[in-house]
Amino acid sequence: MTSIAVNKNIIAIARHLHIDCYDYSNHKIIDVESQDANDSISDIVIASNCEYIAIITSTSKQLIIYNWPTVTTKRKYVLPRSASKIRFSPRSDHIFVADKTGDVLKYDISKESDGIKLLGHLSLLLNVLQTSDSKFIISSDRDEKIRVSCYPNTYNIHTYCLGHTEFVNHLEFLPHDNKYLTSTSGDGTIRCWDYVTGKMHHSIDTFLDINDETLKSDFAKVMIEEGIEVKSLPIVHYAITKIDESCSILAIAVYNFNKILVYSLNTDNKSLKHRLLEKIDVEQLPSSLALYGSSLFVYFDVKGIVLIYTIKYENTNISLELDKTVQMFVNDQSNGILNLENKHPIKLLYKRKFDNVQEYQERKKQRLGKV
């Protein structure tokens, strides 16, 4: 779930069925109507032209696009199935929906017509985005795959980016060189790909930068009890921004790890290198992260606050300093009583292993005994 979207003019936070749009001086609250008491906003995005804000809801399956700054409704659609992720096209004229049955749908926001199915996976889709030249649609799923499909002829699969060993939940282009695609996974790694060839050029293993062995072993024990074997902690939140023409900054939140990992990723003589810059201490796992320009935004749903860190870049030295704290949803009485486990059900994305061989052998013996 993504509950924060940021651009140069606005911080938009989604909570339950409410959106708080803060323009750095005033708050505008949008209330989403739903007949389902258990409904909530499951993703929020802002168009690159800053003219639209879009959300999807979990159980009522609504896709709603709002005009900004008037916060009036531009389009409202009912999706055929529950969705995992939405993205605007680079020109902000279409919106792509990745649904939980594996389909990618395209909606033309200038029309009220239903969405068009572009492509389908055989697994739950977790992310989708379109390249800046509109030549490809890139999608990722629960089965470790990243698919690069031609556009608009999406039945032509251009290539796959294969290498993750668990679900792929985040996709972002490398901002300072968008010929590269970055991805994160339940295997605890960030990988950088040439998406045209499908070749992986770099990998960051966050497991090596987490020095809490108890946390690692406790998570492994819990997962084994559920029939899942894991070797690392999954990446829950991911954000990336450009610093200059050769460097980008990555921010990572790892499951149950109360530190935000901040990396630099540089291109040097056509090779990629990373460096761990900071481990920012936090009281609990953030609800969402965002990077925009020279600022890192960290949102905590329990307290309804956004911490804004300023990225300082001087003589190749990069540091982050807490600049301000913004209180969101001032009149919301639910602060402090939210169930964070339900907000981050990432464990459900792991595939269970079932041993039904013994049961089969028992049934076979019983059949043979009746002969």
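Residues numbered from 1 in each chain as written. Predicted model: local features only at pLDDT ≥ 70, side-chain atom pairs only at ≥ 80, totals over all residues. Heavy atoms only, no water.

**Q** Honestly, the packing of aromatic side chains in this entry has me stumped. Any pointers?
**A** Centre-to-centre distance and the angle between the planes together describe a pair of aromatic rings. Here the structure, examined in full by the defined rule, presents nine aromatic pairs. An angle of 85 degrees between the planes, with centres 6.3 Å apart, marks the rings of Phe 96 and Tyr 151 as edge-to-face. Here Tyr 151 lies in the loop between strand S15 (146–150) and strand S16 (157–161) and Phe 96 lies in strand S10 (residues 94–99), a separation of 55 residues in the sequence. Each member of the pair, Phe 96 as well as Tyr 151, is classed as buried. Connected via pairs of aromatic rings, a cluster forms that spans Phe 167, Phe 219, Tyr 255 and Tyr 350. The lysine or arginine in question, Lys 28, covers the ring of Trp 68, its NZ or CZ lying 5.2 Å from the ring centre. (Phe/Tyr/Trp six-rings, centres within 6.5 Å; stacked < 30°, edge-to-face > 60°. Helix = DSSP H or I, 4+ residues; strand = E, 2+ residues; numbered from the N terminus. Buried < 20%, exposed > 50% of the residue type's maximum accessible area, 1.4 Å probe, protein only. Lys NZ or Arg CZ within 6 Å of the ring centre and 35° of its normal.)

**Q** For this particular structure, what's the right way to read the pairing of strand S21 (residues 235–244)?
**A** The two faces of the sheet receive side chains in turn, since in a regular strand these alternate between them. Among the ten residues that make up S21, seven are buried, leaving the element largely enclosed by the rest of the structure. Where S21 meets strand S22 (residues 247–254), eight bridges bridge the pair, whose relative direction is antiparallel. Its bridge partner lying in S22, Thr 241 is registered against Ile 249. Connecting S21 to the next strand, S22, in antiparallel fashion are two residues. (Pairing = 2+ DSSP bridges.)

**Q** How should I be thinking about the confidence of the model for the protein chain in this particular structure?
**A** When pLDDT is low, close inspection of the predicted coordinates is not appropriate. Averaged over every residue, the pLDDT of the protein chain is 92; residues scoring 70 or more account for 94%. In this model, residues 336–343 is a region of pLDDT below 50 whose contacts with residues beyond four sequence positions or in other chains number twelve contacts. (pLDDT = per-residue confidence, 0-100. Contact = heavy atoms within 4.5 Å.)

**Q** Explanation requested: the environment of Asn 7 in the structure shown.
**A** Take Asn 7: it is sitting in the loop between strand S1 (4–6) and strand S2 (11–15). Assessed through its relative accessible area of 4%, Asn 7 is described here as buried. Considered as a pair, Asn 7 and Ala 47 are 40 residues apart in the sequence and their alpha carbons are 8.9 Å apart. In this structure, Asn 7 is in contact with Tyr 24, Ile 46, Cys 50 and Tyr 292, ignoring residues within four places of it in sequence. At 2.8 Å, the side chain of Asn 7 forms a polar contact with the backbone nitrogen of Asn 9. Polar side-chain contacts of Asn 7 include one of 2.9 Å to the backbone nitrogen of Ile 10. (Polar contact = N/O pair within 3.5 Å; in protein donor to acceptor, adjacent residues only side chain to side chain.)

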